[in-house]
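Residue-level listing of the chains:
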Amino acid sequence: MFSKWAESAEGLAAPNYSGYICPEYWSELMIIVPLAEAKNNLSKLVDDAAAGQVITIAKHGRAMARLVPAGKPTAQRIGAMKGKLLLPADFDSPLPDDMLDAFEGTQA
């Protein structure tokens, strides 16, 4: 696993990547990164988190924030009802005067 982490750290600004692996999180491969390094490499760190890594951002050696993979959306996708709903031919025709008055609040 360490080699996978080392490969992902190649594009970072510091020649010797200053983040380190926290041993108790080997199953999640949590990486701790100093805040200054995170500022310089946020896009890369977000990509790593999206790929499944847990990244903790530390300030003065103290954990302050964590980047984690976002869960998969549980809602149905837009367009899931395509072809199942039918609109009448007169869908966009003008409303009758009494119904239009009711919508506009001018009904007496």
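It should be noted that the structure appears before, not after, this text.
Attention in this report is confined to the structure presented alongside it. As the structure is a prediction and not an experimental result, all values here were calculated from the model. Sequence order as written defines the numbering, with residues in each chain counted from 1. The predicted nature of this model means local features are confined to residues of pLDDT at least 70 and side-chain atom pairs, given and counted, to a pLDDT of 80 or more, with totals for whole chains, interfaces and linings taken over all residues. Note: side-chain values were computed over all heavy atoms of the structure, leaving out hydrogens and water.

**What about the overall build of the protein?**
Alright, step 1. Helix numbering and strand numbering both begin at the N terminus, where a helix is a DSSP run of H or I of at least 4 residues and a strand a DSSP run of E of at least 2. Scanning the protein from N- to C-terminus turns up 4 helices and 4 strands.
Alright, step 2. Only protein chains enter the area calculation, which uses a 1.4 Å probe; residues under 20% of their type maximum are buried, those over 50% are exposed, and those in between are partly exposed. Buried residues in the protein amount to 24% of all 108 residues.
Alright, step 3. Contacts are assigned to residue pairs that have any heavy atoms within 4.5 Å of one another. Looking at the protein alone, contacts between residues at least 24 apart form 34% of all its contacts between residues at least 6 apart.
Alright, step 4. With the model as given, the accessible surface of the protein reaches about 8,600 Å², and the carbon-plus-sulfur share is 58%. Residue exposure ignores everything except the shown protein chains as possible cover, and the areas themselves are Shrake-Rupley values with a 1.4 Å probe.

**Side note on the pattern of salt bridges**
Alright, step 1. Salt bridges are defined as contacts in which a side-chain nitrogen from Lys or Arg sits within 4 Å of a carboxyl oxygen from Asp or Glu. One pass over the structure, following the stated rule, counts 1 salt bridge.
Alright, step 2. The partner of Lys 44 in a salt bridge is Asp 48, and the shortest N-O contact between them spans 3.0 Å. Here Asp 48 and Lys 44 lie together in helix α3 (residues 42-50), a separation of 4 residues that amounts to about one turn.
Alright, step 3. For Lys 44, a relative accessible area of 26% corresponds to the partly exposed category.
Alright, step 4. Exposure remark for Asp 48: the relative accessible area of 11% places this residue in the buried category.

**A word on helix α4 (residues 97-104)**
Every α-helix winds through 3.6 residues per turn, so residues three or four apart in the chain are directed the same way.
Alright, step 1. When you tally the buried positions in α4, you get 0 out of 8 residues, a small fraction of the element.
Alright, step 2. Positive backbone phi, approximately 75°, marks Gly 105, located one or two places after α4.

**Examining the pairing of strand β4 (residues 62-67)**
Alright, step 1. The element β4 is largely exposed, with a buried count of 0 among its 6 residues.
Alright, step 2. Between any two strands, at least two bridges found by DSSP are needed for them to pair. When strand β3 (residues 54-59) meets β4, the two strands line up antiparallel, connected through 5 bridges. Along β4, the bridge assignment pairs Ile 55 with Leu 67.
Alright, step 3. Linking β3 to β4, which pair antiparallel, is a turn of 2 residues; within it His 60 sits at a positive phi near 55°.

**Examining the nonpolar core**
Alright, step 1. Counting residues in each nonpolar core, the largest one holds 7 residues, listed as Ile 31, Val 33, Ala 38, Leu 45, Ala 49, Ile 55 and Ile 57.
Alright, step 2. Setting aside anything within four residues of it in sequence, one finds Ala 49 in contact with Ile 55, Leu 67, Val 68 and Pro 69. Among buried residues, those of type Ala, Val, Leu, Ile, Met, Phe, Trp, Tyr and Cys that are joined through side-chain atoms within 4.5 Å constitute a nonpolar core.

**Remarks on unusual backbone geometry**
Alright, step 1. Positive phi values are uncommon outside glycine, yet His 60 reaches one of about 55°.
Alright, step 2. Here His 60 is to be found in the loop between β3 and β4.
Alright, step 3. Assessed through its relative accessible area of 81%, His 60 is described here as exposed.

**A look at α3**
Alright, step 1. For α3, the full list of buried residues reads Leu 45, Asp 48 and Ala 49. Seen along its axis, α3 keeps its buried residues to an arc of 100°; they face one direction. Opposite the buried face of α3, by more than 90 degrees, sit the exposed residues Ser 43 and Ala 50.
Alright, step 2. Just downstream of α3, Gly 52 is the residue with a positive phi angle, here 115°. Think of it as the arc spanned by the lines of direction from the helix axis to the C-beta atoms.

Remember that the coordinates give geometry; whether it matters functionally is a separate question.
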